[in-house]
Amino acid sequence: MSEIWAFIEQDKGEPKKISLEMATLAKRLADQSGATAAAVIMGPGAKAAAEKLGGYGIAKAYAKDDSKYGDYVITPQAHLLANLIREKKPSLVLVGSTTTGRDIASRAAAKLKLGILANVVDVGMDGGKVRVVAPAFGGNIEVTSQLVNQETEIVTVRPNAVMPAKTTAQIQVEEIAGDVGAESLLAKITERMSQETGAVPLEEAQFIIAGGRGLGGEDAFKMLFDLASALGGAVGASRAAVDAGWISYPHQVGQTGKTVKPVVYIACGISGAIQHKVGMQTSDVIVAINKNADAPIFQFADFGVVGDLFQVVPKLTDEVKKIRK
Amino acid sequence: MNIVVCIKQVPDTAAEKKLNADLRLERTGIENIPNPFDEYAIEEALKVKEAKGGTVTALCMAPETGKEALRKAIAMGVEKAVLVTDPKLTGSDAWATSYVLSQAIKKLEFDLVLFGMQSTDATTGLVASGVAEFLGLPQHTYTGKLDVGDGQVTSQRQTEGGYDVVNSSTPAVVAVVKGINEPRYPSLKGIMQAKRTEITVWSLSDIGVDPSEVGTAGAKEKVVSFSPREPRKGGQVVQDEGDAATKIAEFLTFKKVL
C-alpha cells in the first residue's frame, strides 16, 4: 500500500497552518489514488502535534520527539527525512514551501539524488504519477510539470494553495526508529528572538493590506495595521516603502520580496509597477486605493478607488468592524 | 577568509517571456541581468574580506553571456571570476545546478560560499541548500546578519516572527536576504579592472561532471504543458466622494470574500 506523506512543521506541539494544508492535500490525493496519507513530524512536541493531525484525516504519523531536531537547523531534519524516505519508499512527499520547508526538501532531495517540483499551486494524480501546476514568470504563465522516473516524488507547495479540511480519523503514531549522527548536527540555534506580534505570516495571510510610496512615512503604516487587525490579515509593502525605511523587509511584496496569494489584496498608495505586480497578481481579489488616476494598478485591480488613502483606509476599517460584529 | 560567491544571470523581469516549442524559456531577444538578489551576497563577501582579509571569487554557471554578470561582480571589487559553461548544461534544473556548482566549488579554496536568497526567474530558492548538502556543509540560509569569527560563523536566520541565531564552524554555506547590507556601486577603477581581469572558464569535464546527469538529459523534472494566464483586467474605478470605503466593503461582500 503506497503512502503519501505530508511533512509537518510544528511549534511546541502545534502544527503550523501550512502543514494543515499539506495534511489536507495528502489526504485528498491518498483518497484519489487508494494510498494511505501519513505525516512526518520532528522536534520537541512532535508527538503532541501528531495527535492533532487525526482531525485532518491523517491515519498514520511518523514522529521523532527529540530536541536535536529543534536545536539544530535544517540538516538533521533533512537527513532523517531522507533516511525515512529510503526506508519506507513513499510515493509522494508534500512539503509546505516555507523557508524551513524549502531548505529541508532541497537538502533531503540532494542527499537522495531526487528532483523536486517546487512552489506549486496545484497537485493532482495522473495515472499514478503526480502532476503539478506552478506559476512562472511572475504568474504570467502556468506551467504543468511532472517528475521523471522517480520512485518517491517530492513536491513543495505554496501557502494558500489548499484550504485545510477537518475530517476525523484515528491516527496511529509511530516513533521513527532511526536517528541521525553527529555529522548531521552542523549548525546550532543558540538563541530565538521572536517578535510575538500574533500577526499572521504574510505568505499565509488571507487578507493583505499593502502600503507603498503614497503612505509618505512610517507612522502611516499604523493605519494599515489597524485594518489588517480588523480583517485578521497581514500588512505588506512595496519596495519603495521598505527602501525608505518605513517598514521592514519581511513585509515586502514583489519581485525582490515575497510572492503572495491572499483572498484579498488591498494596495494603498502603490503605483502597481511590474516588479510589485509579479508578487501579488494571483491574489483572488485586488482592491487599489491611489490618488493618481493614471496609476498602472488600476489596469489590473478588480476594484479601484481614486482618492486619499488617509481618508479611505480608516473608514474602511470602521466598515469592516461593523460588518464583522 | 576566502569566499566563493555564486551568482546567476536571469532574464529581465519586464521582458515578455514565453516557452518555446521545446517547452523551455525562449531566451533569445531577452536582455540578461544579474539576479537582483545576488548583489547582496557580493557585497557581504566584500565586507567580510575587508574585515578579515582573503580573496573573493565569483562563480557563475551560464552560457557565455554569464561573463557579463561576472564582470559586474569584479567591478564591485571581487578579485577572481569563474564561469562554468557547457552546451550540455542547457535545461538544467535546481538539482543539476547545485551539483555542478558544488563540483566547481570543490576546485576552489574557500571558507564560505555565499548566495543570494533566490533567483527572480525560477524562484525555487533551493540551490544554496542543495550545494550545502553536496559539500556536506552547515547552512545559514535566510541570513539577515552575518558575523564571521575564527573558524566559525554566526548568523541571524529570519523566521516568520523574528529570527534565530545560528552558529556553526566554517567552512559553511550562507544565503543572504535582501537588505542585509547596502550594495556598493561599482567604481570607475572597478569597471576598468573588470575589463582586464581574466575570467577562468571551466567545462563539465574540467569539474568532473557527467553530462548525462545535467541539462535536459539529466533533468529530473519535465514540463508537460503550459498556458498563458488570462491577464487580469481592471474592474470598476470610482472617485472617492466620502463613500469609497462603503463601496469597497460592498464590493468585497458582493465577491463573498468579506
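The rules we used
Within every chain, residues take consecutive numbers counted from 1 along the sequence as written. For naming, the first written chain is A and the first written ligand is 1, with later ones following in the order written. In keeping with the model being predicted, local features are shown solely for residues with a pLDDT of at least 70 and side-chain atom pairs are shown and tallied solely at 80 or more, while totals for entire chains, interfaces and linings include all residues. Only runs of H or I of at least four residues qualify as helices and only runs of E of at least two qualify as strands under DSSP, and these elements are numbered from the N terminus. The exposure label follows from counting other C-beta atoms within 10 Å of a residue's C-beta, where the C-beta atoms are placed from the backbone and the thresholds are 20 or more for buried and 12 or fewer for exposed, leaving partly exposed in between. Contact between two residues is assigned whenever their backbone-derived C-beta positions fall within 7 Å. Every radius of gyration here is taken over C-alpha atoms, with the globule rule written as 2.2 Å times N^0.38, N being the number of residues. Bear in mind that the domain bounds are from an automatic or database domain assignment. Gly falls in the polar group here, along with every residue not listed as nonpolar (Ala, Val, Leu, Ile, Met, Phe, Trp, Tyr, Cys, Pro) or charged (Asp, Glu, Lys, Arg). Here, a strand pair is defined by DSSP locating no fewer than two bridges between the strands. Angles run from 0 to 180 degrees between N-to-C directions of axes, and those axes are lines fitted to C-alpha atoms, restricted for helices to the stretch in contact. By the definition adopted for this analysis, an angle is roughly parallel if under 35 degrees, roughly antiparallel if over 145, roughly perpendicular if from 65 to 115, and oblique otherwise. Take the far helix as your reference; a near helix turned counterclockwise from it by less than a right angle gives a left-handed crossing, and one turned clockwise gives a right-handed crossing. What a helix is expected to span follows from its residue count: subtract one and scale by 1.5 Å. On a scale of 0 to 100, pLDDT captures the predictor's confidence in every residue.

### Some remarks on the overall build of chain B
(1) Moving on: Secondary structure assignment for chain B yields 7 helices and 13 strands.
(2) Moving on: Along the first, second and third principal axes, the C-alpha set of chain B runs to 65 × 45 × 40 Å.
(3) Moving on: Within chain B, the proportion of its 258 residues that are buried is 47%.
(4) Moving on: Long-range pairs, those at least 24 residues apart, make up 70% of the contacts in chain B between residues at least 6 apart in sequence.

### Considerations on the overall build of chain A
(1) Moving on: Along the backbone of chain A there are 9 helices and 18 strands.
(2) Moving on: Relative to the 2.2 N^0.38 estimate, which gives 20 Å for 325 residues, the radius of gyration of chain A is 21 Å and therefore close to what a compact globule would have.
(3) Moving on: By its C-alpha atoms, chain A is 60 × 45 × 40 Å across when sized along the principal axes.
(4) Moving on: Across chain A, every contact between residues at least 6 apart in sequence was considered, and the portion connecting residues at least 24 apart equals 65%.

### A few points about the domain arrangement of chain A
All names here are of chain A.
(1) Moving on: Segmenting chain A into domains produces domain 1 (3–184) and domain 2 (202–324).
(2) Moving on: Here domain 1 and domain 2 have C-alpha centroids that lie 32 Å from each other.
(3) Moving on: Taken together, the contact between domain 1 and domain 2 spans 8 residues of the former and 7 residues of the latter.
(4) Moving on: Looking at the side of domain 1 that touches domain 2, its residues break down into 3 nonpolar, 3 polar and 2 charged.

### Considerations on the interface of chain B and chain A
(1) Moving on: In this complex, chain B contributes 67 residues to the contact, which on the side of chain A involves 73 residues.
(2) Moving on: Residue assignment for the side of chain B that touches chain A shows that the elements contributing at least two residues are helix H3 (94–106), helix H4 (127–135), strand E7 (139–148), strand E8 (152–159), strand E9 (162–169), strand E12 (221–228), strand E13 (236–239) and helix H7 (244–254) of chain B.
(3) Moving on: At 8 residues, the largest contribution of residues to the side of chain B that touches chain A is made by E12 of chain B.
(4) Moving on: Split by residue class, the side of chain B that touches chain A holds 29 nonpolar, 24 polar and 14 charged.
(5) Moving on: The pairing of strand E18 (residues 303–306) of chain A with E13 of chain B spans 4 bridges and is classified as parallel. Bridging from a neighbouring strand, valine 306 of chain A pairs with glutamine 239 of chain B of E13 of chain B.

### Observations regarding the packing of helix H9 (residues 309–324) of chain A against H7 of chain B
(1) Moving on: It is at 8 Å that the axes of H9 of chain A and H7 of chain B come closest, and there the two elements cross at 45 degrees. In terms of their interaxial angle, H9 of chain A and H7 of chain B are classed as oblique. Relative to H7 of chain B, H9 of chain A is oriented so that their crossing is right-handed. Across the interface between the two elements, Val312, Lys315, Leu316, Glu319, Val320 and Ile323 of chain A of H9 of chain A pack against Ala244, Ala245, Thr246, Ile248 and Ala249 of chain B of H7 of chain B.
(2) Moving on: The residue makeup of the contact of H9 of chain A with H7 of chain B, split by class, is 8 nonpolar, 1 polar and 2 charged.

### Thoughts on H3 of chain B
Because an α-helix packs 3.6 residues into every turn, residues spaced three or four apart end up facing the same way.
Residues and elements named next belong to chain B.
(1) Moving on: Taking 1.5 Å per residue, 13 residues should reach 18 Å; H3 reaches 18 Å between its end C-alpha atoms and fits that length.
(2) Moving on: For H3, a buried count of 11 out of 13 residues is recorded, marking the element as mostly surrounded by other parts of the structure.
(3) Moving on: When H3 is considered as a whole, its buried residues turn out to be Ala94, Trp95, Ala96, Thr97, Ser98, Tyr99, Val100, Leu101, Ser102, Ala104 and Ile105.

### So, the confidence of the model for chain B
(1) Moving on: When pLDDT is averaged across chain B, the result is 93; 100% of the residues are at 70 or more.
(2) Moving on: Interface confidence for the predicted complex, expressed as ipTM, amounts to 0.90; the pTM equals 0.90.

### A short note on the sheet that holds strand E9 (residues 129–136) of chain A
(1) Moving on: Spatially, E8(A)-E9(A)-E10(A)-E12(B) is the arrangement adopted by the 4 strands of the open sheet, whose pairing is antiparallel. Here the strands that pair on one side only, and so sit at the sheet edges, are strand E8 (122–126) of chain A together with E12 of chain B. Across the sheet, the mean angle from the axis of one strand to that of its neighbour is 25 degrees, orientation sign disregarded.
(2) Moving on: Examined bridge by bridge, strand E10 (residues 141–147) of chain A and E12 of chain B share 7 bridges and lie antiparallel to one another. Bridge pairing links leucine 147 of chain A to glutamate 221 of chain B in E12 of chain B.

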